[in-house]
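One-letter residues, chain by chain:
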Amino acid sequence: MTQYMIRRVLLAIPTLLLMLTVVFVLVRLVPGDAAIAILGDQASAESLAAMRSQLGLDQPIHVQYIDFLAKAATGDFGRSLATGRSVLQEVAVVLPYTLELTAAALVIGAIFGIPLGTYAALHRNLWPDYFSRVLSLIGLSFPAFVSGILMLLAFAVHLRWFPVIGSSGSGVGDHLRSLALPALNLGLIMTAYITRVTRSSMLGVLNEDYIRTARAKGVRPGALIRRHALRNALIPVVTIVGLYFGTLIGNSVLTEIVFSRPGLGRLILGALNARDYTLLQGLMVVFATFVIFVNMLTDIAYGLVDPRVKYN
Amino acid sequence: MSITSEIPARQNALWLAFRRNRLSWVGLALLLVIVCAAVFAPLLAPYDPLEQHIINRLQPPSADFWLGTDTYGRDVLSRLIYGARVSLVVGFVAILIAMVIGSAIGILSGFIGGIFDRVVMSFLDVMLSFPTLLLGLMIAAMLGASFENLVIAIAITEIAPFARVARAPTIALKQRDFIEAGRAMGFSTPRLMGLHIFPNMVSEVVVMGSMWMASAIRTEAALSFIGLGVPPPTPTWGSMIREGFENILDSWWLAVFPSLAILMTVLALNILGDALRDAIDPKTRAE
């Protein structure tokens, strides 16, 4: 098992290297001059030249590439052009807000999604099943900003249950109140996803021989579902939710923008408006690293919960 | 050859999808409404979507303006109808480009195999590790906001999934007798890949295309909402929602109607994609 974990961690290294290469190439494939894109086409020749040398664009391409990799290896993903702070510093400031939001959404998704999906699978092709299937399809069809705006309109503007603008007070109550709507927005999309995945996974498990055996030897239905079926059905759910992480980040970015919450979403929007391309490039690297890291953890977790996974 | 024996079985999938899954009729009906709105926009729209009536700015829904007017006094219903064009065309063209390039990469990679396949697959894995929205956002931001750039940005985000879908059946198909026979008859590799491998997976690829068109339309709306979509004054649902968001405290209709339009479109495509996928997936078909 330890060997498997070490191998899986080592496997992430070429992936990270390749990812950095893709970002590097992608940024340089874009037609046009990065310096002009940043300073605008009215900029003087001297300031353009200064910007190019600041970005290292006056160096030969292979020097730029090696420099980029060497810096990334030490955790230096560049500096924000607007604030002068390093990308990691910028991310570190807002990351807790985004993590809080995504964690809350995952909890909401698990609390509602797993029972709903299980219930639907047990009542296959009956009305609870149809109901949950239609609901989860609708939930999955919402772009996160659309559902966010509709919720904002209904609960904050119309019913006035929640503040329209993000964190207002500093107390715990205010904090929770400002977290509630964004978390619910992201959580409902997550619920739709987890319901769907749990249902199909449960359906697969319920057809297994060991369930029939357990039933035949007289295991009570409740214990059968909880101990025999659900435990096995949740294994693929963990993996699939792990794979969903990239989409979750995208959704939380949109949710943060709609609810004016501090976080990665606002950081990205700010970088876009300030034409802060080095920050954007750095953010791409940071996000992709996150996703690769989560995929790695998911694989390892899969190995931990499912003893049938072969470590070779 | 086996090509002819395989395709008819798959074509029934379309029928199967509609016979077994009654919900798919709802999806089809919704999609038809939206497509008709886009095609017949000039006939259906009560006003010019760009015409400004400053006197009538920010009117709530009424008999004259069914869905109200925006900050420039433009008719929301007319803009909504014209907005369907942008969403559908951007989504469709982006997916078509991604489908062609992605399938070509997937087939090539699976057919050639070996180290080439491994390198291509790891590149695809890396592409998949970028969150779709952020990748699209980054590319669109660097290219600048325009219709073509938006299509390119969205297409790039969807290439890797198509390549994956095309690669798996290629590996299974290339070992089949009819490919071996083709090789023995001296067919060139491009001919084998294009005329003998591709037709056998076209249904899978198209079904995935209908599912991912939903995600392309969602990405388009999100990018427009952020301000990276087709530039104004062209009406797009995402930019209409952006405007509604800025006036959320007093003019609810600006955000609500385009929101419902996006939801309806994505839902219709998701329902259809789901039904089609169930129909061609042997695992669910057997049940």
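Residues numbered from 1 in each chain as written. Chains lettered and ligands numbered in written order. Predicted model: local features only at pLDDT ≥ 70, side-chain atom pairs only at ≥ 80, totals over all residues. Heavy atoms only, no water.

Under the annotation held in an unreviewed UniProt entry, chain B carries the name Peptide/nickel transport system permease protein and is attributed to Salipiger marinus. What UniProt records for chain B under Sequence similarities (unreviewed entry) is the sentence "Belongs to the binding-protein-dependent transport system permease family." According to UniProt, the comment filed for chain B under the heading Subcellular location (unreviewed entry) is "Cell membrane". (UniProt positions renumbered as here; feature names shortened; annotations may be inferred.)

As named in an unreviewed UniProt entry, chain A is Glutathione transport system permease protein, taken from Salipiger marinus. Per its UniProt entry, chain A bears the Sequence similarities (unreviewed entry) comment "Belongs to the binding-protein-dependent transport system permease family." What UniProt states about chain A under its Subcellular location (unreviewed entry) heading is, verbatim, "Cell membrane".

Undergrad: Any chance you could break down the overall build of chain A for me, citing the residues and the numbers?
TA: From N to C terminus, chain A includes 13 helices and zero strands. Listing the helices and strands of chain A from first to last along the sequence gives α-α-α-α-α-α-α-α-α-α-α-α-α. For the C-alpha atoms alone, the extent of chain A along its principal axes is close to 85 × 55 × 35 Å. Residues classed as buried in chain A amount to 46% of the 312 residues present. Put simply, of all contacts in chain A between residues at least 6 apart along the chain, 74% involve residues at least 24 apart. (Helix = DSSP H or I, 4+ residues; strand = E, 2+ residues; numbered from the N terminus. Buried < 20%, exposed > 50% of the residue type's maximum accessible area, 1.4 Å probe, protein only. Contact = heavy atoms within 4.5 Å.)

Undergrad: How would you summarise unusual backbone geometry if you had to cite specific residues and measurements?
TA: Between Pro232(B) and the following residue, Pro233(B), the backbone shows a cis peptide bond with an omega angle of 10°. Relative to the elements of secondary structure, Pro233(B) occurs in the loop between α10 (202-226) and α11 (237-246). Phi is positive for Asn125(A), close to 60°, though the residue is something other than glycine. Residue Asn125(A) is classed as partly exposed on the basis of its relative accessible area of 43%. In the Ramachandran plot, Ser260(A) falls in the positive-phi region, its phi being about 45° despite a non-glycine side chain.

Undergrad: Account for the domain arrangement of chain A, naming residues and giving values.
TA: Residues and elements named next belong to chain A. Domain assignment breaks chain A into domain 1 (1-74) and domain 2 (87-305). Taking the mean C-alpha position of each, domain 1 and domain 2 sit 32 Å from one another. Counting from both sides, the interface comprises 17 residues of domain 1 and, opposite them, 14 residues of domain 2. Summed over both sides, the interface between domain 1 and domain 2 buries roughly 1400 Å², with carbon and sulfur atoms accounting for 77% of that surface. Counting the contacts that link domain 1 with domain 2 gives zero salt bridges. Scanning the region where domain 1 abuts domain 2 turns up zero residue pairs in polar contact (both at pLDDT 80 or more). Those elements giving two or more residues to the side of domain 1 that touches domain 2 turn out to be α1 (2-29) and α2 (34-39). The element that contributes the greatest number of residues to the side of domain 1 that touches domain 2 is α1, accounting for twelve residues. For the side of domain 1 that touches domain 2, the class distribution of residues is 14 nonpolar, one polar and two charged. (Domains from an automatic or database assignment. Buried area = accessible area lost by both parts, 1.4 Å probe. Salt bridge = Lys/Arg side-chain N within 4 Å of Asp/Glu carboxyl O. Polar contact = N/O pair within 3.5 Å; in protein donor to acceptor, adjacent residues only side chain to side chain. Nonpolar A, V, L, I, M, F, W, Y, C, P; charged D, E, K, R; others polar.)

Undergrad: Give a detailed account of the UniProt feature "transmembrane region" (unreviewed entry) in chain B, specifying residues and quantitative values.
TA: UniProt records the feature "transmembrane region" (unreviewed entry) at residues 23-45, 88-116, 123-143, 192-214 and 252-273 of chain B, using the numbering of this structure. End C-alpha to end C-alpha, residues 192-214 of chain B measures 32 Å, and it is 83% helix and 0% strand.

Undergrad: Hey, could you go over helix α6 (residues 132-143) of chain B for me, with residue numbers and the actual values?
TA: For the α-helix, the turn length of 3.6 residues means that residues three or four positions removed from each other point alike. All names here are of chain B. The end-to-end C-alpha separation of α6 is 16 Å, in line with the 16 Å expected for twelve residues at 1.5 Å each. Counting buried positions over the twelve residues of α6 gives ten, a clear majority of the element. In the segment just after α6, glycine 144 is the residue with positive phi, at about 95°. (Expected span 1.5 Å × (residues − 1).)

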